[in-house]
Amino acid sequence: MSDNTGGADEARSKDSKEPEDSKALGDTANAGATTGDSPASPAPAAPAVSVAQAVPAAPAAPAGSAPTGPSRPPVGAGPADAAAWQAWQAHQQQQRQWPGAHAPSPSPTPSWVTRVRPAETAPIATATLLAAAATGLAAALLLGDGMGPGLLLAVVPAVVAAYVAARTARRTARPWTLVWAIGCLALLAVPALRDSAWPSTLAILSAVLLGALALHGSRTWPGVLLSPLGFFDSAVSGLAWALVGLRSRGGVSKDRWLPVAKAAAVAVALLLVFGALFASADAAFADLLGDLMPDVSTENGPIRFLLFLLGTLIALAAARTAAAPLRWDRIKVAPGKPRSRVEWALPLIVLNLLFAGFNAVQLAVLFGGYDKVLESTGLSYAEYARQGFWQLLWATLFTLVVIALALRWAPRSGTGDRRFVRIVLGVLCALTLVVVAAALRRMDLYVDAYGLTRLRVSVAAMELWLGLVIVLIMAAGVFGARWLPRAVAGSAAAVVLAFGLLSPDGMVAERNVARYEADKKIDLAYFQSLSADAAPALDRLPEPQRSCALRGINDEMSRAGDVPWYAMSLGEYRARQILRERPVTASYEVCSRLGTFGSRLEY
């Protein structure tokens, strides 16, 4: 929940100062904790005797040695051991400030595996266990029939589990944490809105990235890139953490859990009795109740059991990460050996000249018209547009690689070198933006000639995002690059969110229907692969083209049968309404003559 360097930090001398960006969110609660210590609650001002009461008396330490103290409590100890865990933390603080402690001998630099090691966690809270179990139950009931709104509803208890675990560990949220958390939930709403699988899949993967950033608090390039891997470690340690917490609760008296169990049993009984009475009294209420209740059958019991285990494990991994994340930001990437100005700048200046020449030709073509170019090259209008886009896309990607390598080996002996690097790379970025604009113009020409497809809209969106990344790099050269890793990750998630909300399948159908209305050209075969998101646009076609275009969507929904509300997206709901009001009427023979079932090659 807080930034990655939060909680326990490496032991450091009193004279050293840590930059603000490397402070933990929980450092105010656990200042000076050694690596591996979990953040503890801030100790209030108290006389020295209170410390002696909290920490058992230790035998007299020999001169020049560190004092002894209470033994370290087991990881994940239960509520009964919470006091011992806090006492051990207080003793560790006292041990570090022991006036007669012998200074430790210099040790070799720890490996990155040691540096990223997470802190020790506080005992798992009961609310965290309940929220994890609720996540597993929601996953089993709501995800067995598909995604839709059920995915977002199943994730909410996992968010609660992570929040409770972070609060127990004395970690607090910062603005970036809230941004990542809100973005994660917004991305998980895409499957509830869109029926198409590919934008939903991108949204789920992006939500995992933002969730990892929210839990780890990463801000550097290693942290941003490696944070999602922390879930694999937390899945193992989180399960062990929960098992230890459950074992510690084995001796809990009945006075604590029996009233809760009785109240839950009475509530379930009341719901069943009065729900059955109201359902038998009113058919409309019975239908509503039947639609709201998940359909649980024995034949898909194994799948739902696996979903329960998976949902619980994911919730525990999120909670364990929130309590004690891996410190990916402690991985330091050493800069490369700086080169001289001539050795570094000569290849880049030559590349800038090449870019400038290409961009000059593009501007000449733009203002001079395409006829002269097509006449001299012997290419057709569509071939010219198709030929250039992919090459320009790769040129944009390679330019980002060149910029990254140039920054690694850039001269940096003084202010003059830094200014020189900004000028050379700034010119390269500006010229690359012109290449991005040329690539998008080529794609627009190609779409005018052959129509819009999923692949074309996807790569156009990627080209737009690459252009945005170049703009962010230029801004980082002016205002500093500390925020750049998070800005790039946030821009990627924002593009994916916009991509899902704009409904790419709907855009494809809308553009092709408009093209048919203009020149009567249409590819009915391609529409058979579109999702239900395309139904509102395809419904505008005249018959029999309308029925033939909707035939694939209609067949897919017929095979799916009735779908519960929690597994049905908004796009599918609208398509079902359209097909219910205006069913498909064209026969197979009519659609076959129109080319509905023909094969099609995009490129």
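Residues numbered from 1 in each chain as written. Predicted model: local features only at pLDDT ≥ 70, side-chain atom pairs only at ≥ 80, totals over all residues. Heavy atoms only, no water.

(A) Focus on the side chain of Thr312. Structurally, Thr312 can be placed in helix 13 (residues 301–323). Apart from the residues lying within four places of it in its own chain, the contact partners of Thr312 are Ala132, Ala133 and Gly136. (Helix = DSSP H or I, 4+ residues; strand = E, 2+ residues; numbered from the N terminus. Contact = heavy atoms within 4.5 Å.)

(B) Spatial organisation of the state of the cysteines. Scanning all chains against the criterion turns up one disulfide. At a sulfur-sulfur separation of 2.1 Å, the disulfide partner of Cys548 is Cys591. Measuring handedness by torsion sign, the sulfur bridge of Cys548 and Cys591 sits at about -95° and is left-handed. Of this pair, Cys548 sits in helix 23 (residues 545–549) while Cys591 sits in helix 26 (residues 588–593); the two residues are 43 residues apart in sequence, bridging distant segments of the chain. Judged by relative accessible area, Cys548 falls into the buried class, the value being 0%. A relative accessible area of 0% means that Cys591 is categorised as buried. (Disulfide = S-S within 2.5 Å. Buried < 20%, exposed > 50% of the residue type's maximum accessible area, 1.4 Å probe, protein only.)

(C) Here's a closer look at helix 19 (residues 484–501). Under the 1.5 Å per step criterion, the end-to-end length of helix 19 is 25 Å for 18 residues, consistent within 8% with the ideal 26 Å. What helix 19 keeps buried is the set Leu484, Pro485, Arg486, Ala487, Val488, Ala489, Ser491, Ala493, Val496, Phe499 and Gly500. Where helix 19 is buried, its residues contact helix 6 (175–188), helix 7 (190–193), helix 8 (197–216), helix 9 (221–226), helix 18 (454–479) and helix 20 (504–519). Positive backbone phi, approximately 60°, marks Ser503, located one or two places after helix 19. (Expected span 1.5 Å × (residues − 1).)

(D) Here's a closer look at the packing of aromatic side chains. Within the structure shown, the criterion is met by seven aromatic pairs. Their ring planes at 35° and their centres at 5.8 Å tell us that Trp394 and Phe398 sit as a pair that is tilted. One end of the pair, Trp394, and the other, Phe398, are both in helix 16 (residues 381–408), four residues apart, so they sit about a helical turn from each other. With a centroid separation of 5.0 Å and an interplanar angle of 65°, the aromatic rings of Tyr446 and Tyr450 are classed as edge-to-face. Here Tyr446 and its partner Tyr450 are both found in helix 17 (residues 415–450), four residues apart, which amounts to about one turn of the helix. Sitting over the ring of Phe420, Arg341 keeps its end group 5.2 Å from the ring centre. Its end group placed over the ring of Tyr516, Lys520 keeps NZ or CZ at 5.1 Å from the ring centre. (Phe/Tyr/Trp six-rings, centres within 6.5 Å; stacked < 30°, edge-to-face > 60°. Lys NZ or Arg CZ within 6 Å of the ring centre and 35° of its normal.)

(E) Layout of the nonpolar core. Trp344, Leu348, Ile473, Leu530, Leu538 and Ile553 are the most contacted members of the largest nonpolar core, which totals 62 residues. The dominant element in this core, judged by the number of residues it contributes, is helix 17, at 12 residues. With near-sequence residues (within four places) excluded, Ile473 lies in contact with Leu400, Ile403, Cys429 and Leu484. One finds Trp180, Leu187, Leu213 and Val496 within the second-largest nonpolar core, a separate group that totals 15 residues. (Core = buried A, V, L, I, M, F, W, Y, C linked by side-chain atoms within 4.5 Å.)

(F) How the structure looks around the environment of Val590. Counting through the fold element by element, Val590 comes out in helix 26. Judged by relative accessible area, which is 23%, Val590 ranks as partly exposed. In this structure the C-alpha to C-alpha distance between Val590 and Pro544, which are 46 residues apart in sequence, comes to 7.7 Å.

(G) Up close: helix 10 (residues 230–248). Between its first and last C-alpha, helix 10 extends 26 Å over 19 residues, near the 27 Å set by a 1.5 Å rise per residue. Turning to helix 10, its buried residues are Gly230, Ser234, Ala235, Gly238, Trp241, Ala242 and Gly245. Considering only its buried residues, helix 10 is in contact with helix 4 (126–142), helix 5 (149–168), helix 8, helix 9 and helix 13.

(H) Geometry of unusual backbone geometry. Look at the link from Glu543 to Pro544: it is a cis peptide, with omega at 5°. You will see that Ser503, though not glycine, has its phi angle at about 60°, which is positive. Mapping Ser503 onto the fold places it in the loop between helix 19 and helix 20. Phi is positive for Lys520, close to 65°, though the residue is something other than glycine. For Lys520, the position within the fold is in the loop between helix 20 and helix 21 (524–527). Given a relative accessible area of 58%, Lys520 falls into the exposed group.

(I) Main features of the layout of surface pockets. Taken as a whole, the second largest pocket encloses approximately 1,100 Å³ of empty space. Along the wall of the second largest pocket there are 38 residues; nearest its centre are Val155, Ala158, Leu188, Val208 and Ile314. Looking at the lining of the second largest pocket residue by residue, the classes come out as 33 nonpolar, five polar and no charged. (1 Å grid on protein atoms, 1.4 Å probe; cavity = no way out; pocket = protein on both sides within 12 Å on 5 of 7 lines; lining within 4 Å. Points joined across faces, edges and corners; volume = space filled by probe spheres on them. Nonpolar A, V, L, I, M, F, W, Y, C, P; charged D, E, K, R; others polar.)

(J) Looking closely at the environment of Gly552. Relative to the helices and strands, Gly552 resides in helix 24 (residues 551–560). For Gly552, a relative accessible area of 14% gives the class buried. Along the backbone, Gly552 and Leu524 are 28 residues apart, and their C-alpha atoms lie at a distance of 10.0 Å.

(K) Structural view of the side chain of Glu463. Assignment of secondary structure puts Glu463 in helix 18. Buried within the structure, Glu463 lacks any salt-bridge partner; Arg442 is the closest side chain of opposite charge, at an N-O distance of 11 Å. With residues near it in sequence (within four places) discarded, Glu463 still touches Leu392, Leu393, Thr396, Val436, Ala439 and Leu440. (Lys, Arg positive; Asp, Glu negative; His and termini not counted. Salt bridge = Lys/Arg side-chain N within 4 Å of Asp/Glu carboxyl O.)

(L) Spotlight on the pattern of salt bridges. According to the stated counting rule, one finds 14 salt bridges in the structure shown. Glu543 is the partner of Arg546 in a salt bridge, and the nearest nitrogen-oxygen pair spans 3.1 Å. The exposure class assigned to Arg546 is buried, which follows from its relative accessible area of 4%. Each of Asp539, Glu543, Arg546, Glu581 and Arg582 takes part in one network of salt bridges that share partners.

(M) Fine view of a nonpolar patch on the surface. Together, Val266, Leu270, Val273, Phe274, Leu277 and Phe278 make up an exposed nonpolar region whose accessible area comes to about 570 Å². You can see Leu270 is positioned in helix 11 (residues 254–281). With a relative accessible area of 45%, Leu270 lands in the partly exposed category. (Patch = residues over 30% accessible without salt bridge, like charges linked within 9 Å, V, L, I, M, F, W, Y side chains within 5 Å. Areas by Shrake-Rupley, 256 points an atom, 1.4 Å probe, with all protein chains shown as cover.)

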